Amino acid sequence: MIGLKNIRKQRHLNQQKVAMDLNISREALSYYENGKREPSLALLVEMSKYFNVSINYLITGEEFQKR
């Protein structure tokens, strides 16, 4: 989840703040950022809304490109 870590750092948010806002543990967020775990689809949607970015961005670090 390349984009998750990038967007969090771009917005100058620490893991604890984001984890508390998303109602997950800081450890879980760290695992998601480092690819040790995958969040549920429901959590991906919540993260997407929280950061106002696409789910694709959270996963790949790039916005979806129309062809």
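Data block above holds the structure.
Numbering of residues begins from 1 in every chain and follows the order in which that chain's sequence is written. Only residues with pLDDT of 70 or above have their local features reported here, since the model is predicted, and side-chain atom pairs are shown and tallied only from 80 upward, although totals for entire chains, interfaces and linings are computed over all residues. Side-chain numbers here rest on the full set of heavy atoms in the structure, without hydrogens or water.

(A) The side chain of glutamate 33, seen in detail. Considering the arrangement of structural elements, one finds glutamate 33 in helix α3 (residues 26–33). Glutamate 33 sits in the buried class, given a relative accessible area of 7%. As used in this structure description, the phrase polar contact means that two N or O atoms lie within 3.5 Å; if the pair is within protein, one of them must be able to donate a hydrogen and the other to accept it, and residues adjacent in sequence are counted only when both atoms belong to side chains. Of note is the side chain of glutamate 33, whose polar atom sits 2.8 Å from the side chain of glutamine 15. Put simply, DSSP H or I for four residues or longer makes a helix, DSSP E for two residues or longer makes a strand, and each gets a number counted from the N terminus. Whether a residue is buried, partly exposed or exposed follows from its accessible area with a 1.4 Å probe, protein chains only, as a fraction of its type maximum: under 20%, in between, or over 50%, in that order.

(B) View of the packing of helix α2 (residues 15–22) against α3. Two elements in contact, α2 and α3, have axes whose closest approach is 8 Å; the angle formed by their N-to-C orientations is 105°. Classified by the interaxial angle, the pair formed by α2 and α3 is roughly perpendicular. Residue-level inspection shows Gln15, Gln16, Val18 and Ala19 of α2 in contact with α3, the latter providing Arg26, Leu29, Ser30 and Glu33. Of the residues belonging to the contact of α2 with α3, the class tally is three nonpolar, three polar and two charged. Every angle, taken between N-to-C directions, lies between 0 and 180 degrees, and every axis is a line fitted to C-alpha atoms, over only the stretch in contact when it is a helix. By definition in this entry, angles of less than 35 degrees are roughly parallel, angles greater than 145 are roughly antiparallel, angles of 65 to 115 are roughly perpendicular, and the rest are oblique. In what follows, a contact means two residues having at least one pair of non-hydrogen atoms within 4.5 Å. Charged residues are taken to be Asp, Glu, Lys and Arg, nonpolar residues to be Ala, Val, Leu, Ile, Met, Phe, Trp, Tyr, Cys and Pro, and polar residues to be all remaining types, Gly included.

(C) Looking closely at the pattern of salt bridges. Basic side-chain nitrogens of Lys or Arg form a salt bridge, by our definition, when they fall within 4 Å of a carboxyl oxygen of Asp or Glu. The tally for this structure, following the rule as stated, stands at three salt bridges. Put simply, glutamate 33 and arginine 8 hold a salt bridge, and the shortest N to O gap is 2.5 Å. In this pair, glutamate 33 sits in helix α3 while arginine 8 sits in helix α1 (residues 2–10), placing the two residues 25 residues apart along the sequence. Given the relative accessible area of 8%, arginine 8 is considered buried. Linking aspartate 21 and lysine 17 is a salt bridge whose minimum nitrogen-to-oxygen distance equals 2.8 Å. Taken together, the residues span about one helical turn, with aspartate 21 and lysine 17 both in helix α2 at a distance of four residues. When its relative accessible area of 36% is taken as the criterion, aspartate 21 is described as partly exposed.

(D) Main features of the packing of aromatic side chains. For this analysis, a ring pair means two rings from Phe, Tyr or Trp (six-membered ring only for Trp) whose centres lie within 6.5 Å, classed as stacked if their planes differ by under 30 degrees, edge-to-face if by over 60, and tilted for the remaining angles. Per the counting criterion, the structure on display carries one aromatic pair. Summarising the aromatic geometry, the rings of tyrosine 50 and phenylalanine 51 are spaced 4.8 Å apart at their centres and angled 90° between planes, so their arrangement reads as edge-to-face. Overall, the relative accessible area of 28% leaves tyrosine 50 in the partly exposed class.

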